[in-house]
Amino acid sequence: REEGAMGKKPNILVVGSFVMDLIVSTQRLPENGETVLGTGFRTAPGGKGLNQAVQAARLGAQVEMMGCVGRDAYGDTMLACAREAGVDVSHVKHTDQAPSAIGNVQLFQRSDGSTQNRIVVVPGANLLLTQADVAFLREKIGGFDMVMLQLEIPLPVNIAVARYARAAGVPVMLNPAPAAPLPADLLSAVTYLSPNENEAELLSGVPLHRTEHGIDLKRVEHAAAVLRDKGAAHVIVTLGDVGSAYLGKEFLHCPSVSGIQAIDPTAAGDSYIGALSVALAGGEPVDEAMRRATHTAAITVSRMGALPSLPTLAEVEVSLARRSVS
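These numbers were taken from a predicted model, which means no experiment stands behind them. (Residues numbered from 1 in each chain as written. Predicted model: local features only at pLDDT ≥ 70, side-chain atom pairs only at ≥ 80, totals over all residues. Heavy atoms only, no water.)

**Let's talk about the sheet that holds strand β10 (residues 172-175)**
Judged by pairing direction, the sheet is mixed, and its eight strands sit side by side in the order β4-β1-β9-β10-β11-β12-β13-β14 without closing on themselves. The sheet is open, and its two edges are formed by β4 (62-66) and β14 (251-254), each paired on a single side. Sheet topology note: the β10/strand β11 (residues 192-193) ladder contains two bridges and is parallel. Looking across to β11, one finds that L174 is bridged to L193. (Pairing = 2+ DSSP bridges. Helix = DSSP H or I, 4+ residues; strand = E, 2+ residues; numbered from the N terminus.)

In structure tokens:
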């Protein structure tokens, strides 16, 4: 396997989740036992695995995805969307034992125009992916430039794939979401660990509470150091409107993009990680990869939905040319 080089079209493997988002918009969230009228409803294919795979493909990577869907309309729709983006889903498992996963997304539209979300995922078929289903990857994983994993599929599957990748010398990007304890044998096989600030706090035990002055980057660095010491070689923490931070041999902070109207935060983290993985697999240095990922995520939050909001390479290039980081 050749090392990634600047300008190379990276070959990326995503092993992860498919989730059909059922999205309700409301002007306020209901209290316990209360019913409120919503302002809108729509469905959108998503899931951390699918989002990250589609984002990587839209940015020019060659992407193959492995996961599990039910034999139902939601599964068919999600696979069709993946194919339309150029993602190879020929090895995706179909099951009669559970429906495709769904995500109940509640969007709260605040008076200042910004949006908050609450998401409940019913994992369904995602939990039926097994180690036996991915065993064939042991022989072919060496042909990839990056492997992307999340925690919406069974942990033993992630561990098996990460071990295959480590043995073949392929870097692994693990997005530890939703947050869960990470065993040492998984962390030791991870090249890049990419939590958001809440996940970094939960996994490290280091409080990252925001104040009126923002977030303390020294605390972010401390949390990242704790996670790096647990086994991950590099830690990238996404910080929403504060940007992102990296800790490897040095600590870097990439601010957010200025002048962005945040409409819907859904899939922003997935967009960032998909873009970051493509850039790193293509040979870009970490600081440039973070900058590119930040612009990609900024476009995503300015649009509604998960997959529909993920930008193309051309759109990211325009953003990079027109906008600076704040």
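After that view of the structure, there is still more to cover.
**Topic: the packing of helix α1 (residues 48-58) against helix α9 (residues 268-281)**
Put simply, α1 and α9 touch, their axes get as near as 8 Å, and they point 45° apart. In terms of their interaxial angle, α1 and α9 are classed as oblique. Of the two possible hands of crossing, α1 and α9 adopt the one that is right-handed. Contacts between α1 and α9 pair K48, N51, Q52, Q55 and A56 from the former with D270, S271, I273, G274, A275 and V278 from the latter. Residues that form the contact of α1 with α9 fall into these classes: four nonpolar, five polar and two charged. (Axes fitted to C-alpha atoms, helices over the stretch in contact; angles between N-to-C directions. Parallel < 35°, antiparallel > 145°, perpendicular 65-115°, else oblique. Left-handed = near helix turned anticlockwise from the far one by under 90°. Contact = heavy atoms within 4.5 Å. Nonpolar A, V, L, I, M, F, W, Y, C, P; charged D, E, K, R; others polar.)

**Points about helix α8 (residues 217-229)**
With 13 residues, α8 should cover 18 Å at 1.5 Å per step; its first-to-last C-alpha distance of 18 Å lies within 8% of that length. Buried within α8 are the following residues: V220, A223, A224, A225 and L227. For α8, the elements touching its buried residues are β11, α7 (197-204), β12 (234-238) and β13 (244-247). Of the residues that open α8, the one with a side-chain oxygen 2.9 Å from the backbone nitrogen of K218 is D216. Once α8 finishes, G231 follows within two positions and takes phi at roughly 140°, a positive value. (Expected span 1.5 Å × (residues − 1). Buried < 20%, exposed > 50% of the residue type's maximum accessible area, 1.4 Å probe, protein only. Polar contact = N/O pair within 3.5 Å; in protein donor to acceptor, adjacent residues only side chain to side chain.)

**Observations regarding the environment of A177**
Within the fold, A177 resides in the loop between β10 and α6 (184-187). Along the backbone, A177 and E34 are 143 residues apart, and their C-alpha atoms lie at a distance of 30 Å. The residues contacting A177, other than those within four sequence positions of it, are K48, Q150, L151, E152 and E199.

**Comments concerning the sheet that holds strand β7 (residues 101-109)**
Overall, mixed pairing links the four strands, which are arranged β3-β2-β7-β8 in an open sheet. Of all strands in the sheet, those bounded by a partner on one side alone are β3 (40-46) and β8 (115-122). Averaged over neighbouring strand pairs, the angle between their axes works out to 20° when direction is ignored. As paired strands, strand β2 (residues 19-26) and β7 are joined by eight bridges and run parallel to one another. Paired with S25 across the two strands is L107, which belongs to β7. Where helix α2 (residues 73-84) meets the sheet, its contacts fall on β2, β3 and β7, and the angle it forms with β2 comes to roughly 100°.

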